[in-house]
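Listed here are the chains, written in short residue letters.
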Amino acid sequence: MYIQSGEWVIISRVKTQFKFKDKIFKNLRFRIILFMMLAGLLPCAAVLFGVAKFYESHAVDLQTAEIQNQCTILCNQLNTYHYLEDTSSNVINANLTQMATIYNGRVMVIDENLRVVKDTYSLDEGKTDVSENVVRCMKGESSSYFDRGNRYIEVASPISDSAAGKITGVMLATVSTDSIEDTVNVVYTVGGSMIGIVMILLAILSIFLADRVVHPLHRITAAIESVTEGYSDDVLHVDTFTETKQMSEAFNKMLGRLKLLDESREEFVSNVSHELKTPMTSMKVLADSLLEQDNVPVEMYQEFMGDIAKEIDRENQIITDLLSLVKMDKTGPNINIRSVNINDLLEQILKRLKPIAEKKNVEMVMESFRPVTAEIDETKFSLAISNLVENAIKYNHDNGWVHVSLNADHKFCYIKVEDSGIGIPEEDQAHIFERFYRVDKSHSREIGGTGLGLAIARNAVIVHRGSIKVHSTEGEGTTFTVRIPLIYAAS
């Protein structure tokens, strides 16, 4: 395949792409380190947070249960000593004070009228307490509440008169959780220190692993950079990881493709030079022959000038076909897609080529199985089908036939161009779509082909995201099958 802008354009694009990737590689080491650090930090932080919260919750539950038990015991004593009617009992007062001291808290005794009869802080005695916990407890429900923000536990326990069968009061104990919070802070401090040590070790390990991952990528990058200095027979092998092995294989395939494109370019330039030079040489010979002779007869002059005109037409046809290929290679934004009736299009093509067929007495038949409408560039697609049908006529026997058929399914359109011509040898069928390739060069020159028709047809079909296949038997005829989508899909 011909590289229009030269091999250096391909190499430059590849080099530019991989320079961009090389910048990513330089950041890849940092990204690997960052990922591993985060992968280590997040679980450690989650575990530390979970352990601290679990300890806090467990410690609060234990302390709440312990205070609840103490309140239950004291409530029984209060009922025994009738403390709600007489708060002068030294035993009860001592027990209440001892409990408040041990738990670094506050104990209040509230009667059935919600009046505070005893407060170890001596602040609210004689006042009314209508807090939610107290009201709920007066209904016989023991309740507790943990205030994390203010760091205290509040426990309300009912004082029951078993003889009367009713609740006569409430004991409300408020206990500080400073000791629990201090322990939680110690857990966070120790855990944070351990996480710091782990992160340092993890950073060292991640740097080592990042270097190991990035090193083979640098080798691949260096190999790509060296492509601009010329091709070599060295094959890149970087099998450190499965991914780098795949990259190496892809690079080797790309290098092989570039070598093939280079050879194709050189061959194409050689072919173009030869094809353009041949008519020029013929015209030069004819012109020199006229100039070297004096008193040239008019008949000979006209014959030679006719031959020169034919060579000029041939030169013009080669240039026209080359320009068609150039336009086809750069067809991206210039393709003009619209909905076209393929049946009418084929009829127009056959009508236009009918005079050429009549000169060789070749019968042309068109068969349409159903109406077909497809999204195509009419000019380019017409050029492809015209070349196929014209070749079928030119390389046919006198009194032969050309059969063009059209069919479609829900997705694709199918066009077959069959002929009864000279056929194509099997060994040549793989090359017929190459530019300037001729099966029989002498016969092709007699017919007047440029060797570009099938290359143009193939490129036009590929532009439409289609495919073209050939089946031929030498001496019996050739069949070209074109398949294109009914709906054009832009790349």
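Each remark here, short or long, concerns the structure printed above.
Keep in mind it's a predicted model, so treat the numbers as computed, not measured.

A. Region of interest: the sheet that holds strand S3 (residues 143-147). If you trace the 5 strands from one edge of the open sheet to the other, you get S2-S1-S5-S4-S3, paired in antiparallel fashion. Two strands lie at the open edges of the sheet, namely strand S2 (116-119) and S3, each paired on one side alone. In this sheet, neighbouring strand axes are inclined to one another by 15° on average, regardless of whether the strands run parallel or antiparallel. Pairing geometry for strand S1 (residues 105-111) and strand S5 (residues 166-176), over 7 bridges, is antiparallel. Paired with Arg 106 across the bridge in S5 is Thr 174. Packing against the sheet, helix H2 (residues 90-102) makes contact with S1, S2 and S5, and its axis sits at approximately 140° to S1.

B. Up close: the nonpolar core. Within the largest apolar cluster, 38 residues are counted, with the highest numbers of intra-cluster contacts made by Ile 342, Leu 388 and Ile 415. Secondary structure elements with two or more residues in this core: helix H7 (342-359), strand S8 (373-376), helix H8 (378-394), strand S9 (401-408), strand S10 (412-419), helix H10 (453-463) and strand S12 (477-485). Contact partners of Leu 388, with chain neighbours within four places excluded, come to Val 417, Leu 454, Ala 457, Ile 468, Phe 480 and Val 482. One finds Val 60, Leu 96, Met 171 and Val 175 within the second-largest nonpolar core, a separate group that totals 26 residues.

C. Layout of the pattern of salt bridges. Taken as a whole and judged by the stated rule, the model has 13 salt bridges. A salt bridge links Arg 115 to Asp 111; its shortest N-O distance comes to 3.6 Å. Accessibility expressed as a relative area gives 39% for Arg 115, which makes it partly exposed. By relative accessible area, which is 8% here, Asp 111 ends up buried. It is possible to trace a salt-bridge network through shared partners that takes in Arg 106, Asp 119, Asp 124 and Lys 127.

Parameters at a glance
Residues numbered from 1 in each chain as written. Predicted model: local features only at pLDDT ≥ 70, side-chain atom pairs only at ≥ 80, totals over all residues. Heavy atoms only, no water. Pairing = 2+ DSSP bridges. Helix = DSSP H or I, 4+ residues; strand = E, 2+ residues; numbered from the N terminus. Axes fitted to C-alpha atoms, helices over the stretch in contact; angles between N-to-C directions. Contact = heavy atoms within 4.5 Å. Core = buried A, V, L, I, M, F, W, Y, C linked by side-chain atoms within 4.5 Å. Buried < 20%, exposed > 50% of the residue type's maximum accessible area, 1.4 Å probe, protein only. Salt bridge = Lys/Arg side-chain N within 4 Å of Asp/Glu carboxyl O.

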